[in-house]
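Coordinate inspection notes
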Amino acid sequence: MYNSKITGLGYFVPENIVTNDDLKQWMETSDEWIQERTGIKERRWIDPLTGETTSSMAAKAAKIAIERAGLTKDDIDFIVFATLSPDYFFPGGGVMIQDMMNMGTIGALDVRNQCSGFIYALSTGSQFIEAGTHKKVIVVGADKMSSIIDYTDRKNCVLFGDGGGAVLLEPSKD
């Protein structure tokens, strides 16, 4: 029996920076109010003109994690993708990543959950490794919260940004 280990990490965030002062155009707030309650000074939101999506951010993060592990997309056996904000309800984001990265017909599944989604996805990917059914699993979490948040709700809007992160899991005897 194997354990799983993380052998590659990657992330992607959009270039568009939204500061606390920028949020004043949508709600009554201030930089001081947000920082005092959250510690947040800025977040990244996709510029709608770029055409960036949840899946495209996830694919970029996955590509970086795979490269940092010294592998290629062809080495990957399975994709587990966690998101609350998929591009579509069907097909799932996991197969969108698979298609964007030209990975062929490897398995892919989505975990649709909020804050704990990436932890569930990591656990799921780890189970594939530990069961011995797969050798290299990419686990990706990404969200495009700017497309679903209420810009007038300062209790929630100030907390969320857009971006993706990925880890590559491989077997380990340790």
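You'll find the structure just up there.
Chains are numbered independently. Their residues run from 1 in the order of the written sequence. Predicted model: local features are reported for residues with pLDDT of at least 70 only, side-chain atom pairs are reported and counted for 80 or more only, and whole-chain, interface and lining totals are derived from all residues. With hydrogens and water set aside, each side-chain value is computed from the structure's full complement of heavy atoms.

On to unusual backbone geometry, then. Omega for the peptide link from Phe 90 to Pro 91 comes to 0 degrees, which places this bond in the cis form. Numbering of helices and strands runs from the N terminus, with a helix taken as a DSSP run of H or I at least four residues long and a strand as a DSSP run of E at least two residues long. The topology assignment puts Pro 91 in the loop between β4 (78-82) and α3 (93-100). Look at Asn 102: it is not a glycine, yet its phi comes out positive at around 55 degrees.

The subject of this paragraph is the packing of aromatic side chains. Classification of ring pairs rests on two measures: the distance between centres of Phe, Tyr or Trp rings, Trp counted by its six-membered ring, which must be within 6.5 Å, and the angle between planes, read as stacked under 30 degrees, edge-to-face over 60 and tilted in between. Under the counting rule described, the total for this entry stands at four aromatic pairs. Here Trp 26 and Tyr 151 contribute two aromatic rings whose centre-to-centre distance is 5.1 Å and whose plane-to-plane angle is 55 degrees, an arrangement assigned as tilted. Of this pair, Trp 26 sits in the loop between β2 (17-19) and α1 (31-38) while Tyr 151 sits in the loop between β6 (137-144) and β7 (162-172), placing them 125 residues apart in sequence. With a relative accessible area of 34%, Trp 26 lands in the partly exposed category. Given a relative accessible area of 26%, Tyr 151 falls into the partly exposed group. Between the aromatic rings of Phe 78 and Phe 128, the centroid separation amounts to 4.4 Å while the plane-to-plane angle is 40 degrees, which identifies the pairing as tilted. Within this pair, whereas Phe 78 is found in strand β4, its partner Phe 128 is found in helix α4 (residues 117-130), the two being separated by 50 residues in sequence. A residue is classified by how much of its surface remains accessible, and Phe 78, at 10% relative accessible area, is buried. An aromatic cluster is present here, built from Trp 26, Trp 45 and Tyr 151 joined pairwise through their rings. For each residue, the accessible area found with a 1.4 Å probe, counting protein chains only, is set against the maximum for its type, and the residue is called buried under 20%, exposed over 50%, and partly exposed in between.

With that settled, consider the nonpolar core. Nine residue types can take part in a nonpolar core, namely buried Ala, Val, Leu, Ile, Met, Phe, Trp, Tyr and Cys, and a core is a set of them joined through side-chain atoms within 4.5 Å. Counting residues in each nonpolar core, the largest one holds 22 residues, and the members touching the most others are Ile 97, Ile 138 and Val 140. Listing elements by their share of this core, those giving two or more residues are α2 (54-68), β4, β6 and β7. A per-element tally of this core places α2 first, with seven residues.

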